[in-house]
Amino acid sequence: MKEQKIILEKSVAIKTSELNELNASKDKFFSIIAHDLKNPFNTIIGFSDMMKESIRLNDPATFYEYTEMINTSAIQTLRLLDNLLEWANSQRGKLTFTPVQVILKELVKDEFVMLDDMAIGKNIELRNNVNDLITVVADKIC
């Protein structure tokens, strides 16, 4: 009986340690997601404030430019949330894998759209030098 108790206590200690590590990983993951969501929302808020000013100044060209920027930021934020949902589904085993031929240059272009505002803000120029003919087999989530 005493040996079984010791074995069970060790097992509980191991499982507790694993659970603590998983919780720490989860907390780090949520921190990263919160940070990644904060930037697009700050962008949307900032451009909407500038839109209000362009309306006050009766500047339709600037208003339209800010509207496009808000739209891009909202699309980026939605993509981030979609990716998060897909990740959550994969963790619950509810993700289906549907591989198709995809033009790699288009995938890179889509990612550049997501990163463009940040790159501009950091004076970084993004270049897509991927050959138009290169394809990959991937599960492209639309």
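Given the structure is predicted, the values throughout are model-derived calculations rather than measurements.

(A) Layout of the environment of D110. Turning to its location among the elements, D110 is positioned in helix α3 (residues 104–121). In sequence terms D110 and Q76 are 34 residues apart; their C-alpha atoms lie 9.9 Å from each other. Excluding residues that lie within four positions of it along the chain, D110 makes contacts with R79 and K140.

(B) Quick look at the nonpolar core. Judged by nonpolar contacts, I44, F47, M51, Y66 and I70 together constitute the single largest core of five residues. The set of elements that each furnish at least two residues to this core consists of α1 (2–56) and α2 (60–91). At three residues, the largest contribution of residues to this core is made by α1. Sequence-distant contacts of I70, defined by excluding residues within four places in its chain, comprise I44, F47, S48 and M51.

(C) Up close: the confidence of the model for the chain. The predicted model of the chain averages 86 in pLDDT, with 99% of residues at 70 or higher. Mean pLDDT per element in the chain: α3 is the minimum at 83, and strand β1 (residues 100–103) is the maximum at 91.

(D) Main features of the packing of α2 against α3. Put simply, α2 and α3 touch, their axes get as near as 10 Å, and they point 120° apart. In terms of axis orientation, α2 runs oblique to α3. In this structure, α2 meets α3 at a crossing whose hand is left-handed. From α2, T72, Q76 and R79 reach across to α3, where they touch D110, E111, V113, M114 and D117. In terms of residue class, the contact of α2 with α3 is built from two nonpolar, two polar and four charged.

(E) Main features of the side chain of Q76. Relative to the assigned elements, Q76 resides in helix α2. Apart from the residues lying within four places of it in its own chain, the contact partners of Q76 are V113, M114 and D117.

(F) Inspection of α3 at higher detail. Relative to the 26 Å expected for 18 residues at 1.5 Å per residue, α3 spans 26 Å between its end C-alpha atoms, a close match to the ideal helical length. Most pronounced at L115, the bend in α3 amounts to some 50°. N123 occupies a position one or two residues after α3 and carries a positive phi of about 55°.

(G) The arrangement of unusual backbone geometry in detail. Non-glycine residue N58 carries a positive phi angle of around 55°. With respect to the element layout, N58 can be found in the loop between α1 and α2. Judged by relative accessible area, which is 65%, N58 ranks as exposed. Phi angles above zero are rare outside glycine, and N123 is one such case at about 55°.

(H) Structural view of α2. For α2, which comprises 32 residues, the first-to-last C-alpha distance of 46 Å matches the rise-based estimate of 46 Å (1.5 Å per residue) to within 8%. On the buried face of α2, the contacting elements are α1 and α3. Two residues or fewer after α2 comes G93, characterised by a positive phi angle close to 75°.

Conventions adopted
Residues numbered from 1 in each chain as written. Predicted model: local features only at pLDDT ≥ 70, side-chain atom pairs only at ≥ 80, totals over all residues. Heavy atoms only, no water. Helix = DSSP H or I, 4+ residues; strand = E, 2+ residues; numbered from the N terminus. Contact = heavy atoms within 4.5 Å. Core = buried A, V, L, I, M, F, W, Y, C linked by side-chain atoms within 4.5 Å. Buried < 20%, exposed > 50% of the residue type's maximum accessible area, 1.4 Å probe, protein only. pLDDT = per-residue confidence, 0-100. Axes fitted to C-alpha atoms, helices over the stretch in contact; angles between N-to-C directions. Parallel < 35°, antiparallel > 145°, perpendicular 65-115°, else oblique. Left-handed = near helix turned anticlockwise from the far one by under 90°. Nonpolar A, V, L, I, M, F, W, Y, C, P; charged D, E, K, R; others polar. Expected span 1.5 Å × (residues − 1). Bend = angle between axes of the 7 residues up to and from the residue.

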